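# Fold and contact review
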Amino acid sequence: VNSCWDVNIALVSGRHHCIKSYESVFPGFPVLPLENRTGSPEGRRQAIALLLRERSPDLVIGVNVADLYLAASLARLKGFKGRVVMSLHAIAADLLEDAKAYSFLIDAVIATNYLTCRILKDVSGFPEDRVMYAPYGVKSDNSLLNLTSSQSTNDPLLIAWVGRLEQDQKRIWDLLPILTHLDSLGLSYHLTIAGDGPEMHRLSDSLRHWTSRGLVTLLGALSPLQLQSDVYANHHVLLITSNWETGPIVAWEAMSAGLVVVSSSYIGSGLENALRHDENCLLFPIGDTVRAAHAIFGLRDSARRVMLSRRGQSLVKERYS
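Within any chain, residue numbers begin from 1 and follow the written order of that chain's sequence. Owing to the predicted nature of the model, reporting of local features is limited to residues with pLDDT of at least 70; listing and counting of side-chain atom pairs is limited to 80 or more, with chain, interface and lining totals taken over all residues. Heavy atoms throughout the structure, all of them, feed into the side-chain values; hydrogens and water do not.

### What to know about the packing of aromatic side chains
We apply this condition: In this analysis, rings of Phe, Tyr and Trp, with Trp reduced to its six-membered ring, are considered paired at centre separations within 6.5 Å, and the interplanar angle assigns stacked below 30 degrees, edge-to-face beyond 60, and tilted for intermediate values. Here's how the labels work: a residue is buried when its accessible area is under 20% of the maximum for its type, exposed when over 50%, partly exposed in between, all with a 1.4 Å probe on protein chains only. Elements are defined by DSSP. Helices are runs of H or I of four residues or more, strands are runs of E of two residues or more, and each kind is numbered from the N terminus.
One pass over the structure, following the stated rule, counts five aromatic pairs. Seen in terms of ring centroids, Tyr102 and Phe104 are 5.9 Å apart; in terms of plane orientation they differ by 45°. Their pairing is tilted. In this structure Phe104 comes out as exposed when scored by relative accessible area, which is 61%. Ring plane angle 15° and centroid distance 3.8 Å describe the contact between Tyr114 and Tyr133, whose orientation is recorded as stacked. With Tyr114 in helix α5 (residues 114–122) and Tyr133 in strand β6 (residues 131–133), this pair connects stretches of sequence that are 19 residues apart.

Put into structure tokens, the structure is as follows:
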């Protein structure tokens, strides 16, 4: 079916937001600035409502924009008739409350995870026929990382951790005891950490014991292309330590590139039923750093890595391409 969509991206503007940076990374869509001239919640609501009335879109999809749904209800009072959809990318109480409070206004919620869909129906009371599932997708890479190369047991296992450097969701501080356990097991390894966040400076200081010996490298924030070339293309393992996830998209990216995922059994992984221990990945209980280290240690066996890698690539092609 040939259809034409006129897509615009409405972005919050102001001194804490850089629209030009967004446009430089995503040049394909025209951007509409949302300017809150008063700096108040009411100013934000009025700016969104004004944009909706002036542009009169057939469909508005909200992605974590505060007060969008209240603003849309205000715009409805003055003639806005477009459909309103929530795109839900997090298992977060405030967003779920929005779905519940504005169920009279929101035509559909699109979630990226089966657990989020279940919560919307069972906890938020959102009508089942208006809850939709659309998982993250990644480009499927047919090239397999050469895990069967002439790596001996003395060569380091190359591990990557990718994400926002914070504790509540990502459990970044689990990395230190995992490294300590790997040292006690006598594993030859190197850990690359890609990402930035509020714990960056503290983490950098705490990792000096390993960075000074060349066992850990912190790369900071990387672009998607840099992640592909500097991380996914030359590592064996992706380590995930999260408390909860609605993807994570880094797991599917890494699997597509041939890495083996070693992950916590994070909240969100159960109903999704994609990551299966010893079938296409290795799993450990959330916060169990001993089990995490032993799972990584077991990947010295290159034949086992290749088996898990191939099955991980198959998973992405079947469900997340």
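So much for the structure itself; the text now carries on.
### Here we look at helix α3 (residues 68–77)
In plain terms, the rule: Whether two residues are in contact is decided by their heavy atoms, any of which lying within 4.5 Å being enough.
Those residues of α3 not exposed but buried are Leu68, Tyr69, Ala71, Ala72, Ser73 and Ala75. Summarising the contacts, the buried residues of α3 are in contact with α2 (41–55), β3 (59–62), β4 (83–88) and α4 (93–101). In the stretch just after α3, Gly79 is the one whose phi turns positive, near 110°.

### Considering the environment of Lys81
Following the sequence through the fold, Lys81 ends up in the loop between α3 and β4. Expressed as a C-alpha distance, the spacing of Lys81 and Ala221, which sit 140 residues apart in the sequence, is 41 Å.

### Looking at unusual backbone geometry
In this structure, Pro248 follows Gly247 across a cis peptide bond, with omega equal to -10°. Among the secondary structure elements, Pro248 is positioned in the loop between β10 (237–240) and α10 (249–256). Even without glycine at this site, Asn64 takes up a positive phi of about 60°. For Asn64, the location among the structural elements is in the loop between β3 and α3.

### Quick look at the sheet that holds β10
Under the convention used in this document: If DSSP finds at least two bridges between two strands, the strands pair. A fitted line through C-alpha atoms serves as each axis, taken over the contacting stretch for helices, and the angle formed by two N-to-C directions is quoted from 0 to 180°.
Spatially, β9-β8-β7-β10-β11-β12 is the arrangement adopted by the six strands of the open sheet, whose pairing is parallel. Two strands bound the open sheet, and with one partner strand each, they are β9 (216–220) and β12 (282–284). Across the sheet, the axes of successive neighbouring strands diverge by a mean angle of 20°, strand direction being ignored. Direction of pairing for strand β8 (residues 189–194) relative to β9: parallel, over a ladder of four bridges. In the sheet register, Thr192 faces β9, and the bridge partner there is Thr217. On top of the sheet, helix α6 (residues 175–185) reaches β7 (157–162), β8, β9 and β10; it is set at about 170° to β8, its chief contact. Across the sheet, helix α12 (residues 302–320) touches β7, β11 (260–264) and β12, and the angle it forms with β11 is around 80°.

### Remarks on the packing of α6 against helix α11 (residues 289–297)
Each pair of packed helices gets described by two things: the angle between the helix axes and the distance between those axes. Heads up, the condition is: In what follows, roughly perpendicular refers to angles from 65 to 115 degrees, roughly parallel to angles under 35, roughly antiparallel to angles over 145, and oblique to any angle outside these ranges. It is the rotation of the near helix from the far one that decides the hand of a crossing: anticlockwise by less than a right angle makes it left-handed, clockwise makes it right-handed.
Packing of α6 against α11 brings their axes to within 8 Å, and their N-to-C directions diverge by 50°. With respect to their mutual orientation, α6 and α11 come out oblique. Every pair of crossing elements has a handedness; the one defined by α6 and α11 is right-handed. Between α6 and α11, the contacting residues are Pro177, Ile178, His181, Leu182 and Leu185 on the first element and Thr289, Val290, Ala292, Ala293, His294, Ile296 and Phe297 on the second.

### So, the confidence of the model for the protein chain
Selection rule: pLDDT is a per-residue confidence score from the predictor, ranging from 0 to 100.
Model confidence for the protein chain is summarised by a mean pLDDT of 92, while 95% of its residues fall at 70 or above. Predicted confidence for residues 146–150 stays below pLDDT 50, and this span has eight contacts to residues more than four positions away or in other chains.

### Some remarks on the pattern of salt bridges
Spelled out, the test is: Put simply, a salt bridge is a Lys or Arg side-chain nitrogen that is within 4 Å of an Asp or Glu carboxyl oxygen.
Taken as a whole, this structure holds 14 salt bridges when the rule is applied. Between Arg319 and Glu272 there is a salt bridge, with its nearest N and O atoms 3.6 Å apart. Of this pair, Arg319 sits in helix α12 while Glu272 is found in the loop between β11 and β12, placing the two residues 47 residues apart along the sequence. Overall, Arg319 belongs to the partly exposed group, its relative accessible area being 31%. Several salt bridges share partner residues, and in doing so they unite Glu42, Arg44, Arg45 and Asp67 into one network.

### Here we look at the sheet that holds β3
Strand order in the open sheet made by the four strands is β3-β4-β5-β6, with parallel pairing throughout. In this open sheet, the two edge strands, each paired with only one partner strand, are β3 and β6. Pairs of neighbouring strands in the sheet enclose a mean axial angle of 25°, with direction left out of account. For β4 and strand β5 (residues 108–111), the ladder comprises four bridges, and the chain directions are parallel. Within the sheet, the bridge partner assigned to Met86 lies in β5 and is Val109. The sheet strands contacting α5 are β4, β5 and β6, and the helix crosses β6 at an angle near 175°.

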